[in-house]
Amino acid sequence: MGGRMGKYIFNNHALLDTKEGVLKSGFQVLVEGNRIVEVKKGQINSPDAETIDLGGRTLMPGLIDCHAHVFIAQFTDNQSVLPSEMTARSSTYLREMILRGFTTIRDAGGADYGHKMSVERGYFEGPRMFVSGRILSQTGGHGDHRGKADFCSCANASMGVSRIADGVDAVRHAVREEIRHGVDQIKIMAGGGVSSPADELHHLQYSTDEVVAIVDEATRAGRYVMSHVYNTDGIRRAVECGVRTIEHGNFLDEKTADVMAKHGAYLVPTLVTYRADAKYGPSFGWAEENERKNQEVLEAGVQSLEIAMRSGVKIGYGTDLCWSPKSYQPEGLLVHNEVMSPVEAIQNATIINAEIVRMENALGVIAPGALADLLVVDGDPTQDLGVLQNEGEHMTAIMANGKFAKNNLS
Ligand code: ZN
Ligand code: ZN
């Protein structure tokens, strides 16, 4: 990553207070090492710090994507691409993410502790990562990509991003294995999906006993469970079993939204990917079945956001770009903006996502003690989310964990 850590004072900017949802002027921000140490109206006194004039631009915290995939690239990869090559490719995706302003990601399956540490130790440039390792799926579930004519029972052959485990004992063992390998959270498939060949979106996957066992294992080890699930019965069941974050959730209805709010569960919508996949799906060799299912979730998607908002469900931000270009990553903010203000969309991708990765007050905010993930934006994102689009072209500088990943100031 470009520069080294130092000691900087940022002045002459409009500071985006993500908690209050407003821009503030006249503040200075002192960064030392990888931390923000002081945020003060007026002059900060620190003679050994380098002062950087931001020329009136917006200073905001780095964005967080709570449903990214850096270990999934092309639909047909499981036929021919080995994990070593996938990992090498992920280094490109990681670098590109940071250069479009995403300084933290939660990988929703595929990336593991090795990826996370490769970034932390500086082998790869990239965002801070919260990894899920391999996703737990039942046989024939969304994580099982074997074709109907495939009689091979080698259960872990599913694209390297999922593992098949059936039965209470087996899922307990699988969770323990993932934790042994160093995951931050456990990801499961509790319902049908778009890209899997043998299921429907309304299917409930895993028995209730299995989901309860998975949550029990994860919780005792200080982890939480995130679940892929589209249908409303599946969302409700997962939340009642203790699943903390619902991934996608496109068919959410009011009754289930109330259950989510009551349990304090989070919704992580991934709405941009259906629009991208509708466009690119034919080019990556989807079957008609996949196209049909994608159309169903696409049509229901934005409404789920409105329902969640009305019920007071906390909404994060995810993208789930697997096979469509990962450059769509910030465009989901524009989808959120169809039903909420630009500031609320930014809050989804900063303070709410920080809560989801259990880094409240350390990420998603510019405040003393927070990690130094900062974007210098030419323009006002509270009025126009367009300034966060197009591969960071309006981001004059990007600081990740105290180091400049990009710096075009003066
Ligand atoms: Zn999913
Ligand atoms: Zn996903």
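Residues numbered from 1 in each chain as written. Chains lettered and ligands numbered in written order. Predicted model: local features only at pLDDT ≥ 70, side-chain atom pairs only at ≥ 80, totals over all residues. Heavy atoms only, no water.

A.B. asks: Just to check I follow, could you spell out the coordination of the zinc ion (ligand 2) for this structure?
C.D. replies: A four-donor tetrahedral metal ideally has 109.5 degree angles, and a six-donor octahedral metal ideally has angles of 90 or 180 degrees. Protein-derived coordination of the zinc ion (ligand 2) comes from His67 (NE2), His69 (NE2) and Asp320 (OD), at a distance range of 2.1 Å. Sequence spacing of the donor residues for the zinc ion (ligand 2), all on one chain, is H-x1-H-x250-D. The metal-metal distance between the zinc ion (ligand 2) and the zinc ion (ligand 1) is 3.8 Å. Of this pair, His67 sits in strand 8 (residues 63-68) while Asp320 sits in the loop between strand 17 (314-315) and helix 9 (331-336), placing them 253 residues apart in sequence. No difference in accessibility class separates His67 from Asp320, as the two residues are buried. (Donors = N, O, S within 2.8 Å, 3.2 Å for Na, K, Ca; no water. Helix = DSSP H or I, 4+ residues; strand = E, 2+ residues; numbered from the N terminus. Buried < 20%, exposed > 50% of the residue type's maximum accessible area, 1.4 Å probe, protein only.)

A.B. asks: Looking at this structure, I do not really get the side chain of Thr18. What am I missing?
C.D. replies: Within the secondary structure, Thr18 sits in the loop between strand 2 (14-17) and strand 3 (22-25). A residue is classified by how much of its surface remains accessible, and Thr18, at 3% relative accessible area, is buried. Here Gly364 takes part through its backbone oxygen, which lies 2.7 Å from a polar atom of the side chain of Thr18. In this structure Thr18 touches Pro61, Ile346, Gln347, Thr350, Ile351, Gly364 and Val365, once residues within four positions along its chain are discounted. (Polar contact = N/O pair within 3.5 Å; in protein donor to acceptor, adjacent residues only side chain to side chain. Contact = heavy atoms within 4.5 Å.)

A.B. asks: I tried to follow the coordination of the zinc ion (ligand 1) on my own but got confused; where do I start?
C.D. replies: At this site the zinc ion (ligand 1) is bound by His228 (ND1) and His248 (NE2), with donor distances of 2.0 to 2.1 Å. A relative accessible area of 2% means that His228 is categorised as buried. Residue class for His248 comes out buried when judged on its relative accessible area of 2%.

A.B. asks: Is there a simple way to explain the environment of Arg244 in this structure?
C.D. replies: With respect to the helices and strands, Arg244 occurs in the loop between helix 5 (232-240) and strand 15 (245-248). As a C-alpha pair, Arg244 and His263 span 19 residues in sequence and 8.4 Å in three-dimensional space. Here Arg244 is in contact with Tyr224, Val225, Ala265, Tyr266, Glu355, Ile356 and Arg358, once residues within four sequence places are set aside. A distance of 2.9 Å separates a polar side-chain atom of Arg244 from the backbone oxygen of Glu355. Of the polar contacts made by the side chain of Arg244, one reaches the backbone oxygen of Ile356; its length is 2.8 Å.

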